[in-house]
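Notes for the structure review
So the chains spell out like this:
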Protein chains: 2
Amino acid sequence: MPGASCLNVTLLGCGVVGSAVARGLVMQSDALAARAGAFLRLHAIVVRDPAEVTDPEIPRDVISTDAAAALDGADLVIELFGGIEPARTLIRQAFQNGASVVTANKALLAAHGPELFEAADAAGVDLYYEAAVGGAIPIVRPMRESLAGDNVRRVLGIVNGTTNYVLDRMAADGLTLADAVAQAQALGYAEADPTADVEGHDAAAKAAILASLAFHTRVSAADVACEGIMAVTAEDVAWAARTGHVIKLLATAERVGEGVSAYVHPTLVPADHQLASVRGAFNAVFVEAESAGPLMFFGQGAGGTPTSSAVLGDLVSVARHRVNGGMGPRESAAASWPILPASAATTSFQIRLTVADRPGVLAQVAGALAEHGVSIDSVRQPSARQSAPSPSGATAAPATCDTDTTQLLITTHPATEAALTATVEAVATLDSVGAVVSVLRVLTT
Amino acid sequence: MPGASCLNVTLLGCGVVGSAVARGLVMQSDALAARAGAFLRLHAIVVRDPAEVTDPEIPRDVISTDAAAALDGADLVIELFGGIEPARTLIRQAFQNGASVVTANKALLAAHGPELFEAADAAGVDLYYEAAVGGAIPIVRPMRESLAGDNVRRVLGIVNGTTNYVLDRMAADGLTLADAVAQAQALGYAEADPTADVEGHDAAAKAAILASLAFHTRVSAADVACEGIMAVTAEDVAWAARTGHVIKLLATAERVGEGVSAYVHPTLVPADHQLASVRGAFNAVFVEAESAGPLMFFGQGAGGTPTSSAVLGDLVSVARHRVNGGMGPRESAAASWPILPASAATTSFQIRLTVADRPGVLAQVAGALAEHGVSIDSVRQPSARQSAPSPSGATAAPATCDTDTTQLLITTHPATEAALTATVEAVATLDSVGAVVSVLRVLTT
């Protein structure tokens, strides 16, 4: 309805983000109207239990438990239920009613994005989702529009604030993973059940969305290899610091040969990389594009009020299209690169071993790596007592401790995961090797 | 012409950015067509002297010196001449012809933006300008669209790569300003005549554009108080480091009471602030918004290929509107906040004085500040020999040097510029004060 002076907005969900969005609609109505070109009228708020909505700024007379009725007469729908159903069915219903939709639902988009984009397109309406990745950070719109004239090579995202907070506390205060998670829970940075965060599933959904945008290719969460932070130990974090790194859970999407690959892994990030300075629960997305070069987008990745900024920004955009005609960009999937497994990508690895403290061990280990075509960038062999790092690249430093075993820290040149796995298996069987303590990817720049 | 399968693009200017844009149009034509929904045909390139265009990828048969003829038949015009005329007249002509325009011309927009936005609006076409601020960094689109549902409180931009490079070299290598500028020139980071950069005029134009976007208010370059880096000495830079700061040339736009203010100043940025880590010729824009909180956008602020990324992204956007109907956001100036002078803003200052090395001096200086209502946050009084910083906040440390004068470093609580100016004048007349060596603003967070 071009020229409309009032648009009806239905809000599905009124949790922490929904409440902030509803408050914004009510309290910023004049500014929003000036920017959208129409008054954005809060038509209905759909919740399971009306008693849950306690914010006094939110008008009670629009609260409903009947989603179908609330969609009726809506020009714009904001979906904040999360999860697959009933969100998926309601969004499709909104499109059929001719409404544009704004959603923050990363899980739904990463699982059923193409179906929803096609439905929006068929109905001639918009589907906007800035809040689905990086909370308040404008990243979807820049990827979808600003970089439309460029070719993205790689995207590296710290897109889960919970795990970034946990890793940051481990690094800053020497906490164990369990203690850091407990602290995150106490401060509201982690859910009572932190599984989706610490196992990387939340980051994987966002990686799929970023990969789809970056490479104009449909990538779903199922395409994203996913490893969380459960196996990261306080010792890993301390060793990372000694070698000039911080451990970050990175959602990576990259061009690999004639395909694309997306994965989530704890990664050793060099301390002087822009991503290393992303502290606490903050998020950041680092984009490497052919023409633009490196770009970084930084901000709050979660929280009701920050996320409401992204939702309301989208709402103004889709409202403008209602007022002035036109539509936002459609799904861009024309490139359709083949999706390659994460193992196709080459990465540097840092392997930490316990080894017998005797001469010749390094030669044996190095031989095993060479046999599998994995070349060594540097080796550190600190004594058991040593707390400061050995000089970078030192090889076969004489052991100075009085125990029978010592640790060996090997950083490889970029190798495929397949080669690395075979190498680690071979190394583990050497008689001089006690155990492979950890294997971590190293961000190569 | 909705549904067009081919759009004619005329390029005004073929310097370092124009050449990269022309190359992109030719070499990425398939990807651009897929994303725009129409083939973007290079219709004409207008230059003063055709011999200047030497890139073998750029077709010679579209090169022309006749701008009026080249605008004829153009659906989309890219203006990269820079400066006021003939760019202003040609852009208005393009609008009259019904063409949408993409420009990187910050000086023109900061001087005549409202006139051009109105002309675009009257013609029903787009005026896009992502490349005018921050080169490759998507910042205009996020401010114009992503933050349309939020209220920006302050924008802090490192938006001039030349001065950031110069200040970075001074800090990293202890160079003088003149030597650092010479190095920047040798490396192509500074023009042969670096005036527009080092005097802050380039940053002021960008501050005006950022302020206009942030506050939905028309702000022109003439409204921006502007101080460049000419007065910054190697000693200032060294002192900044001692007090845990780096000096950055910041373009600031902020809400002040019931108005807005924009200014460009060398500023002491705390070393742990995100902006402090912006090294070399990189740019970054830090935005503080009411709901989103802090956001930062980082990347390359200049250079032909990076800037072409922003130009081509805009070109795809305006082309999509041609294909699918609709228009991008218009100028948003409904808030129309009064523009206040920079002196209305309150800032902390760091004042460095040479004083007589005798008891009672600090009391005298502190008294002069108190008389003008400027309160002191900390005082440092290092000995002349001392190279390490005094403990933070130390007051009246006994002088330990054997000279007759020493330095006093006073950091104030936030004060108005008017109060500060009066204070500095009063301090300078004290018999115990040799000279006010420097007065620098401190970024308050």
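Residues numbered from 1 in each chain as written. Chains lettered and ligands numbered in written order. Predicted model: local features only at pLDDT ≥ 70, side-chain atom pairs only at ≥ 80, totals over all residues. Heavy atoms only, no water.

Notes on the overall build of chain A
Just so we agree on the cut-off: Put simply, DSSP H or I for four residues or longer makes a helix, DSSP E for two residues or longer makes a strand, and each gets a number counted from the N terminus. For this measure, only C-alpha atoms enter the radius of gyration; the expected value for a globule follows 2.2 Å times N^0.38, where N is the number of residues. Accessible area is worked out with a 1.4 Å probe on protein chains only. A residue is then buried under 20% of its type maximum, exposed over 50%, and partly exposed in between. The contact rule is simple, with two residues in contact once any of their heavy atoms fall within 4.5 Å. Per-residue accessibility takes into account occlusion by the displayed protein chains alone, with areas from the Shrake-Rupley method and a 1.4 Å probe. Under the counting rule used here, the positive set is Lys and Arg, the negative set is Asp and Glu, and His together with the chain ends is not counted. Charge coordinates come from a single atom per side chain, which is NZ of Lys, CZ of Arg, CG of Asp or CD of Glu.
Looking only at helices and strands, one finds 14 helices and 17 strands in chain A. Relative to the globule expectation of 22 Å for 445 residues, the C-alpha radius of gyration of chain A, 25 Å, shows essentially globular dimensions. Taking the principal axes of its C-alpha atoms as reference, chain A extends roughly 80 × 45 × 30 Å. By the burial criterion, 58% of the 445 residues in chain A qualify as buried. Pairs at least 24 residues apart make up 74% of the contacts formed inside chain A by residues separated by at least 6 positions. For chain A, the computed accessible surface area is about 16200 Å², with 52% contributed by carbon and sulfur atoms. Charge-centre separation for chain A: the mean point of 27 positive side chains lies 4 Å from the mean point of 45 negative side chains.

Overview of the side chain of Arg144(A)
To keep things clear, this is the line we draw: Each reported salt bridge corresponds to a side-chain nitrogen of Lys or Arg within 4 Å of a carboxyl oxygen of Asp or Glu.
Within the secondary structure, Arg144(A) sits in helix H6 (residues 140-146). No salt bridge is formed by the buried Arg144(A). Its closest oppositely charged neighbour is Glu145(A), at 5.6 Å. What Arg144(A) contacts, discounting residues up to four positions off in sequence, is Phe117(A), Leu127(A), Tyr128(A), Tyr129(A), Leu213(A), Pro329(A) and Arg320(B).

A few points about the sheet that holds strand E2 (residues 39-46) of chain B
All names here are of chain B. Quick reminder of the rule: For two strands to pair, DSSP has to find at least two bridges joining them. Note on geometry: axes are C-alpha line fits, over the in-contact stretch for helices, and angles between N-to-C directions span 0 to 180 degrees.
Read across the sheet, six strands follow the order E3-E2-E1-E4-E5-E6 without closing on themselves; strand pairing throughout is parallel. Edge positions in the open sheet fall to strand E3 (63-64) and strand E6 (127-128), since each of these has one partner strand only. Where strand E4 (residues 76-79) meets strand E5 (residues 100-103), four bridges bridge the pair, whose relative direction is parallel. In the sheet register, Val77 faces E5, and the bridge partner there is Val101. Together, strand E1 (6-12), E4, E5 and E6 form the strand contacts of helix H4 (residues 87-96), whose direction differs from that of E5 by roughly 150°.

Points about the relation of the copies chain B and chain A
Here the two chain copies are tied together by a rotation about an axis and a shift along that axis. This is how the line gets drawn: Overlaid copies result from least-squares superposition on C-alpha atoms, with residues included only where pLDDT is at least 70 in both.
Placing chain B over chain A gives an RMSD of 0.0 Å and needs a rotation angle of 180°, together with 0.0 Å of translation along the axis. Accordingly, the operation relating the two chain copies is best matched by a two-fold axis. Residue Gly326(B) of chain B places its C-alpha closer to the rotation axis than any other residue of that unit, at 1.8 Å. The residues that chain B uses at the interface reappear at the interface of chain A in 98% of cases, marking a shared surface.

Details of H4(B)
All names here are of chain B. Put simply, the rule is: Regarding the arc, it is the one traced by the directions from the helix axis to the C-beta atoms.
The complete set of buried residues in H4 reads Ala87, Leu90, Ile91, Ala94 and Phe95. Along the axis of H4, the buried residues cluster in a sector spanning 145°; they form a single face. Each element contacted by the buried residues of H4 is listed here: E1, helix H3 (67-71), E4, E5, helix H5 (106-123) and E6. Gly98, located one to two residues past H4, shows a positive phi value of around 85°.

A few points about the pattern of salt bridges
For the structure on display, the rule yields 38 salt bridges over all chains. One salt bridge in this structure joins Glu118(B) and Arg218(B), with 2.8 Å as the shortest N-O distance. A residue pair is termed long-range when its members are at least 10 positions apart, and Glu118(B) in helix H5 and Arg218(B) in the loop between helix H10 (201-215) and strand E8 (225-226) qualify at 100 residues. Residue classification places Glu118(B) among the partly exposed residues on the basis of a relative accessible area of 48%. Residue Arg218(B) is classed as partly exposed on the basis of its relative accessible area of 37%. Salt-bridge contacts for Arg141(B) lead to Glu130(B); the nearest nitrogen and oxygen are separated by 3.9 Å. Of the two residues, Arg141(B) sits in helix H6 (residues 140-146) while Glu130(B) sits in the loop between E6 and H6, which places them eleven residues apart along the sequence. Of the two residues, Arg141(B) and Glu130(B), both sit in the buried class. Connected via shared salt-bridge partners are Glu130(A), Arg141(A), Asp314(A) and Glu145(B).

Quick notes on the pairing of strand E5 (residues 100-103) of chain A
Residues and elements named next belong to chain A. This is how the line gets drawn: With its strands directed away from the observer, a crossover is right-handed exactly when the path from the first strand over the helix to the second travels clockwise.
Alternating residues of E5 divide into Ser100 and Val102 and Val101 and Thr103, and every residue in both groups is buried. You can see the chain leave strand E4 (residues 76-79), run along helix H4 (residues 87-96) and come back into E5, and the turn it takes is right-handed. Two elements, E5 and strand E6 (residues 127-128), share two bridges in a ladder whose sense is parallel. By the bridge assignment, Val102 is partnered in E6 with Tyr128. Each parallel crossover has a hand, and for E5 linked through helix H5 (residues 106-123) to E6 it is right-handed.

Regarding empty space enclosed by the protein
Residues and elements named next belong to chain A. Here is the rule: Space inside and on the surface of the protein is sampled on a 1 Å grid over the protein atoms alone, with a cavity defined as a set of points where a 1.4 Å probe fits but cannot get out and a pocket as an open set with protein on both sides within 12 Å along at least 5 of 7 lines; lining residues have an atom within 4 Å of a point. Grid points are joined across faces, edges and corners, and a volume is the space filled by probe spheres set on the points.
Counted under the stated rule, the structure contains seven cavities of 30 Å³ or more. Its volume calculated, the largest cavity comes out at about 70 Å³. What lines the largest cavity is simply Phe117, Ala120, Asp121, Val125, Asp126, Leu127, Arg144, Met327, Gly328, Pro329, Arg330 and Glu331. When residues of the lining of the largest cavity are assigned to their parent elements, the largest contribution, three residues, is made by H5.

A few points about the packing of aromatic side chains
Remark: the centre distance and the inter-plane angle together describe each pair of aromatic rings, the angle taken between the planes. Residue and element names in this part refer to chain B. Under the convention used in this document: Aromatic pairs are defined between Phe, Tyr and Trp rings, using the six-membered ring for Trp, whenever the two ring centres lie within 6.5 Å; interplanar angles under 30 degrees are classed as stacked, those over 60 as edge-to-face, and all others as tilted. Whether a charge lies above a ring is judged from NZ of Lys or CZ of Arg, which has to be within 6 Å of the ring centre and within 35 degrees of the ring normal.
Applying the stated criterion across every chain, the model contains seven aromatic pairs over all chains. Positioned over the ring face of Tyr128 is Arg144, at 5.0 Å from the centre of the ring. We note Arg255 situated over the ring of Trp337; from NZ or CZ to the ring centre the distance is 3.6 Å.

Some remarks on the sheet that holds E6(A)
In any sheet, the strands associate via hydrogen bonds between backbone groups, in a parallel or an antiparallel arrangement. On the basis of which strands lie adjacent, the open sheet formed by six strands has the order E3-E2-E1-E4-E5-E6 (chain A) and parallel pairing. The two strands at the open ends of the sheet, each matched to only one other strand, are strand E3 (63-64) and E6 of chain A.

Some thoughts on the nonpolar core
Basically, it comes down to this: Here, nonpolar core refers to any group of buried Ala, Val, Leu, Ile, Met, Phe, Trp, Tyr and Cys residues whose side-chain atoms link them within 4.5 Å.
Val287(A) and Val287(B) are the most contacted members of the largest nonpolar core, which has 160 residues in total. In contact with Val287(B), not counting residues within four places along its chain, are Ile139(B), Met143(B), Leu147(B), Val152(B), Arg154(B), Val155(B), Gly293(B), Pro294(B), Leu295(B) and Phe297(B).

Focus: the pairing of E4(B)
All names here are of chain B. Burial along E4 is two-sided: the residues Leu76 and Ile78 and Val77 and Glu79 are all buried. As defined by bridge partners, E1 adjoins E4 across four bridges and the pair is classed as parallel. Pairing of Val9 across the sheet is with Leu76, part of E4.

Quick look at the environment of Val62(A)
Residues and elements named next belong to chain A. Take Val62: it is sitting in the loop between strand E2 (39-46) and E3. With 198 residues separating them in the primary sequence, Val62 and Val260 have C-alpha atoms 46 Å apart. Beyond its immediate chain neighbours, meaning those up to four positions away, Val62 contacts Leu42, His43, Ala44 and Ile45.

With respect to the interface of chain B and chain A
It is common to report an interface's size as the accessible area lost on association of the parts. Put simply, the rule reads: Defined in terms of a 1.4 Å probe, buried area is the accessible area two parts forfeit on being brought together, summed over both. For the purposes of these results, a polar contact is taken to be a pair of N or O atoms within 3.5 Å, where, inside protein, one atom must be able to donate a hydrogen and its partner to accept one; residues adjacent in sequence count only when each atom of the pair is a side-chain atom.
On the chain A side, the residues contacting the 50 residues of chain B number 49 residues. If you sort the residues of chain B by the area they bury against chain A, Arg35(B), Ser146(B) and Phe298(B) come out on top, with a joint share of 15%. Counting every contact that joins chain B to chain A gives two salt bridges. Linking Arg141(B) and Glu145(A) is a salt bridge whose minimum nitrogen-to-oxygen distance equals 3.5 Å. One can count 20 residue pairs in polar contact (both at pLDDT 80 or more) joining chain B with chain A. Elements supplying a minimum of two residues to the side of chain B that touches chain A: helix H2 (29-36), H6, strand E12 (293-300) and helix H12 (304-324) of chain B.

Some thoughts on unusual backbone geometry
In terms of backbone geometry, most residues other than glycine have negative phi values and most peptide bonds are trans. All names here are of chain A. At the junction of Glu85 and Pro86, the peptide bond is cis and its omega measures out at 5° in the coordinates. Relative to the elements of secondary structure, Pro86 occurs in the loop between E4 and H4. Of note, Ser336 is a non-glycine position whose phi angle comes to about 45°, a positive value. Here Ser336 is to be found in the loop between helix H12 (304-324) and strand E13 (346-356).

A short note on the state of the cysteines
Put simply, the test is: We call a pair of cysteine sulfur atoms a disulfide when they lie within 2.5 Å.
The full count for this structure, using the stated rule, is zero disulfides over all chains. With no disulfide of its own, Cys6(A) lies closest to Cys14(A) among cysteine sulfurs, the gap being 19 Å.

Overview of H12(B)
Residue and element names in this part refer to chain B. As a reminder of what qualifies: A helix's residues, less one, multiplied by 1.5 Å, set its expected span.
Taking 1.5 Å per residue, 21 residues should reach 30 Å; H12 reaches 30 Å between its end C-alpha atoms and fits that length. With 19 of 21 residues buried, H12 lies mostly within the body of the structure. Just downstream of H12, Gly325 is the residue with a positive phi angle, here 85°.

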